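So you can see what is in the structure, the chains are spelled out below.
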Amino acid sequence: MQEELRTLASRLRAARTVTVMTGAGVSAASGVPTFRGPEGLWRSFRPEDLATPSAFERDPALVWEWYAWRRQRVASCRPNAAHEVLARWSHDESTQVHVVTQNVDDLHLRAGTRGLIRLHGSLWEAKCFDGCAAGARAWRDETVTLTNRLPRCPHCDGLARPAVVWFGESLDATDVARAAEAASCDVFLTVGTSAIVYPAAGFARIARGRGAYIAEINLEQTPASASADVSIFGAAEDVLPTLDRLLVAG
Ligand code: OAD
C-alpha cells in the first residue's frame, strides 16, 4: 500500500484541480452506519424499501420514524479525520479541491468543507411532499423526535418529507451540473462508496473520459476498482491523514 500511497500523493501534488467523491464509508468511523454494511438494516427494512416516494405514500409515519432514528444517530456523531482532511484541502489556495458527497449526514459541512456539493440532499432538511410551489424549496428542520403529528409543510399544510433524494427520483439539476463541472479535473478520487448508485457512480467515468487520473480509497474492491488507476484498500480515516502527511512532507 505504501507504493500506491506515494503514487497517489505525487499525482495530488502535481494536480491543479482535484475532485473527491465521498460515500457512507467516510462517515463510518464517526459512527454513522453505511447503507450496505452490517448495520444498514433498520428493523428488517433495507434503505431501498423505505427511501422511495411510494413507501412514503404508503406509510409516511414509518418513513419519518426511520429518518428520525437516523437523525438521532447522526446528531451524536462528530466529523472524523477523513472529513477534517477533506475540509482542509477544500481551503487550499494552490490546488482547487471540490468535494462532492452522496452523504446526507452533514458531517462534511460540520468539518468546515468549502463549496460542498451534496448530491443526495440533507437529513436535516424537509420539503413539501404534496408538491406546492413554495414548499419545493427545502427548509431546515432539526426536529429529531417525532411528535404525534407528522411534520407539515409550513406553506400549504400538506405532508412534509425529508429533503433527500429517494430511489427513482432525479437529482437536483444544479447539483448535477456542478458535479459534472467538477469532473473536469486532474485527479478524481472516490472515497468510501460502493460505487453502485447512479448517477453519482458515473462521475468517475466522466472524469476519466476527460483525462483525469482516477483513484479510489475503500476497505474493499468495488465496481469502480477495475477502471481506477490506483486503488488503496484501507480506512478513509487512516488513509486520508497519511496522504495529507505525505503531501505536507513533499
Ligand atoms: P454504501 O453503504 O453502499 O457503501 C459504503 C462503502 O464504504 C462500501 O464500499 C464500504 O466498503 C466502504 N467503507 C466502509 N467503511 C469504510 C471506511 N472506514 N473507509 C473507507 N471505506 C469504507 O454507501 P454509499 O456508496 O454511500 O442513497 O451508498 C450510495 C447511496 O446509496 C447513498 O447515498 C444512499 C444509498 O442508498 C440515497 O440515499 C439516495
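Residues numbered from 1 in each chain as written. Predicted model: local features only at pLDDT ≥ 70, side-chain atom pairs only at ≥ 80, totals over all residues. Heavy atoms only, no water.

**What to know about the overall build of the protein chain**
So, point 1. On a plain count of helices and strands, the protein chain comes out with 10 helices and nine strands.
So, point 2. Computed over its C-alpha atoms, the radius of gyration of the protein chain comes to 19 Å, within 12% of the 18 Å expected for a compact globule of 250 residues.
So, point 3. When its C-alpha atoms are laid out on the principal axes, the protein chain stretches across 55 × 35 × 30 Å.
So, point 4. Evaluated residue by residue, the protein chain yields a buried proportion of 51% over its 250 residues.
So, point 5. If you take every contact in the protein chain between residues at least 6 apart in sequence, the share linking residues at least 24 apart comes to 66%.
So, point 6. Averaging the coordinates of the 27 positive side-chain charges in the protein chain and doing the same for the 29 negative ones gives two points 1 Å apart. (Helix = DSSP H or I, 4+ residues; strand = E, 2+ residues; numbered from the N terminus. Rg over C-alpha atoms; globule rule 2.2 N^0.38 Å. Buried < 20%, exposed > 50% of the residue type's maximum accessible area, 1.4 Å probe, protein only. Contact = heavy atoms within 4.5 Å. Lys, Arg positive; Asp, Glu negative; His and termini not counted. Charge placed at Lys NZ, Arg CZ, Asp CG, Glu CD.)

**So, the site of the ligand**
So, point 1. Surrounding the ligand, one finds 22 residues, the nearest of these being A24, R36, T193, S194 and N218.
So, point 2. Backbone polar atom of F35 to an oxygen atom of the ligand: 2.8 Å apart, as the coordinates give it.
So, point 3. Between the ligand and H120, the relevant distance is 2.8 Å, taken from an oxygen atom to a side-chain nitrogen or oxygen of the residue.
So, point 4. Mapped by element, the contributors of at least two residues to the shell around the ligand are α2 (25–28) and α10 (236–249). (Near = heavy atom within 4 Å. Polar contact = N/O pair within 3.5 Å; in protein donor to acceptor, adjacent residues only side chain to side chain.)

**Points about the packing of helix α1 (residues 2–14) against α10**
So, point 1. In contact at an axis separation of 9 Å, α1 and α10 are set at 60° when each is read in the N-to-C sense. Taken together, the axes of α1 and α10 are oblique relative to one another. Every pair of crossing elements has a handedness; the one defined by α1 and α10 is right-handed. Of the residues in α10, those touching α1 at L5, R6, L8, A9, L12 and R13 are V239, T242, L243, L246 and L247.
So, point 2. Across the contact of α1 with α10, the residue classes break down as eight nonpolar, one polar and two charged. (Axes fitted to C-alpha atoms, helices over the stretch in contact; angles between N-to-C directions. Parallel < 35°, antiparallel > 145°, perpendicular 65-115°, else oblique. Left-handed = near helix turned anticlockwise from the far one by under 90°. Nonpolar A, V, L, I, M, F, W, Y, C, P; charged D, E, K, R; others polar.)

**A look at the pattern of salt bridges**
So, point 1. For the coordinates displayed, the defined rule picks out 12 salt bridges.
So, point 2. The salt bridge partner of D49 is R46, with a shortest N-O separation of 3.2 Å.
So, point 3. Connected through salt bridges with shared partners, the residues D106, R118, E125, R140 and E142 form a single ionic network. (Salt bridge = Lys/Arg side-chain N within 4 Å of Asp/Glu carboxyl O.)

**Digging into the sheet that holds strand β8 (residues 213–218)**
As a general point, the strands of a sheet are linked pairwise by backbone hydrogen bonds and lie either parallel or antiparallel.
So, point 1. Reading across the sheet, the six strands line up as β3-β2-β1-β7-β8-β9 and stay open at both edges, with parallel pairing between neighbours. If you trace the sheet from one side to the other, it starts and ends with β3 (117–118) and β9 (230–233), each paired once.
So, point 2. Where β8 lies against β9, four bridges are found, and the strand directions are parallel. When the bridges of β9 are listed, I217 appears paired with I232.
So, point 3. Against the sheet, α10 contacts β7 (187–191), β8 and β9, and its axis sits at roughly 135° relative to β8. (Pairing = 2+ DSSP bridges.)

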